[in-house]
Amino acid sequence: ATLQLKNGKMPLVGLGTWKMDNDKCCDLVYTAIKAGYRLIDCACDYGNEVEVGQGIKKAIDEGIVTREDLFVTSKLWNTFHHPEHVRAAFDRTKNDLGLSYLDLYLVHF
């Protein structure tokens with residue numbers, strides 16, 4: 001099931017990556033995408049965005065999904081709320097995930 005947005009759809013059920021061990025995260029994200037998950041929720045503070053990105057890349061590289069099939073959410077951590085820190089934190093998240101864009105970027109706490 002999805003929620004219709006002005007410029008696309010957002011899945012109503014997603015995979016949360018909080019507390020995923022780094023050594024298992026890539027495979028868990030990949031397996032979830034393979035099983036049909038299309039919303040991936042992560043945050044810089046979780047410490048596993050590189051591994052989340054690796055799982056996403058593996059699924060894309062194998063042709064299971066395209067980037068456009070996924071809805072990727074991340075969050076701006078509390079210590080980066082000051083305006084001069086937001087862009088750098090956002091760019092780091094995109095780089096860590098290996099993505100050129102995020103579908104949703106939330107303020108964490």
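Note that the coordinates shown come from a computational prediction; the quantities given were computed from them, not determined experimentally.

Visitor: Teacher, can you tell me more about the packing of aromatic side chains here?
Guide: A complete count under the given rule lists one aromatic pair for this structure. Measuring from centroid to centroid gives 4.9 Å for Phe 90 and Tyr 105, while their planes differ by 70°, and the two rings are edge-to-face. Taken together, the residues span a long stretch of sequence, with Phe 90 in helix H3 (residues 83–97) and Tyr 105 in strand E6 (residues 104–107) at a distance of 15 residues. The ring of Trp 18 is capped by Lys 19, whose NZ or CZ atom sits 4.7 Å from the centre of that ring. The ring of Tyr 101 has Arg 67 sitting right over it, with the charged end atom 4.0 Å from the ring centre.

Visitor: What's the story with helix H2 (residues 49–61) in this structure? I'm lost.
Guide: At 3.6 residues per turn, the α-helix brings residues three or four places apart onto the same side. Between its terminal C-alpha atoms H2 stretches 18 Å, which fits the 18 Å expected from 13 residues at 1.5 Å a residue. Each element contacted by the buried residues of H2 is listed here: helix H1 (22–34), strand E4 (39–41), strand E5 (71–76) and H3. In the stretch just after H2, Gly 63 is the one whose phi turns positive, near 80°.

Visitor: Got a minute to help me understand unusual backbone geometry in this structure?
Guide: Positioned with a positive phi, Lys 19 is a non-glycine residue whose angle comes to about 70°. Within the secondary structure layout, Lys 19 lies in the loop between strand E3 (14–16) and H1. Relative accessible area serves as the criterion here: at 64%, Lys 19 is assigned to the exposed category.

Visitor: Sorry, what's going on with the sheet that holds E4 here?
Guide: What holds strands together in a sheet is hydrogen bonding between their backbones, with the strands either parallel or antiparallel. In space, the four strands of this open sheet follow the order E3-E4-E5-E6, with parallel pairing throughout. The open sheet has two free edges, formed respectively by E3 and E6, since each of these has just one partner strand. The mean inter-strand angle of the sheet, taken between neighbouring strand axes irrespective of direction, is 20°.

Visitor: Please explain the side chain of Thr 17 as it appears in this structure.
Guide: Secondary-structure assignment places Thr 17 in the loop between E3 and H1. Residue classification places Thr 17 among the buried positions, given a relative accessible area of 0%. At 2.8 Å, the side chain of Thr 17 and the backbone oxygen of Asp 41 are in polar contact.

Rules used in this analysis
Residues numbered from 1 in each chain as written. Predicted model: local features only at pLDDT ≥ 70, side-chain atom pairs only at ≥ 80, totals over all residues. Heavy atoms only, no water. Phe/Tyr/Trp six-rings, centres within 6.5 Å; stacked < 30°, edge-to-face > 60°. Helix = DSSP H or I, 4+ residues; strand = E, 2+ residues; numbered from the N terminus. Lys NZ or Arg CZ within 6 Å of the ring centre and 35° of its normal. Expected span 1.5 Å × (residues − 1). Contact = heavy atoms within 4.5 Å. Buried < 20%, exposed > 50% of the residue type's maximum accessible area, 1.4 Å probe, protein only. Pairing = 2+ DSSP bridges. Axes fitted to C-alpha atoms, helices over the stretch in contact; angles between N-to-C directions. Polar contact = N/O pair within 3.5 Å; in protein donor to acceptor, adjacent residues only side chain to side chain.

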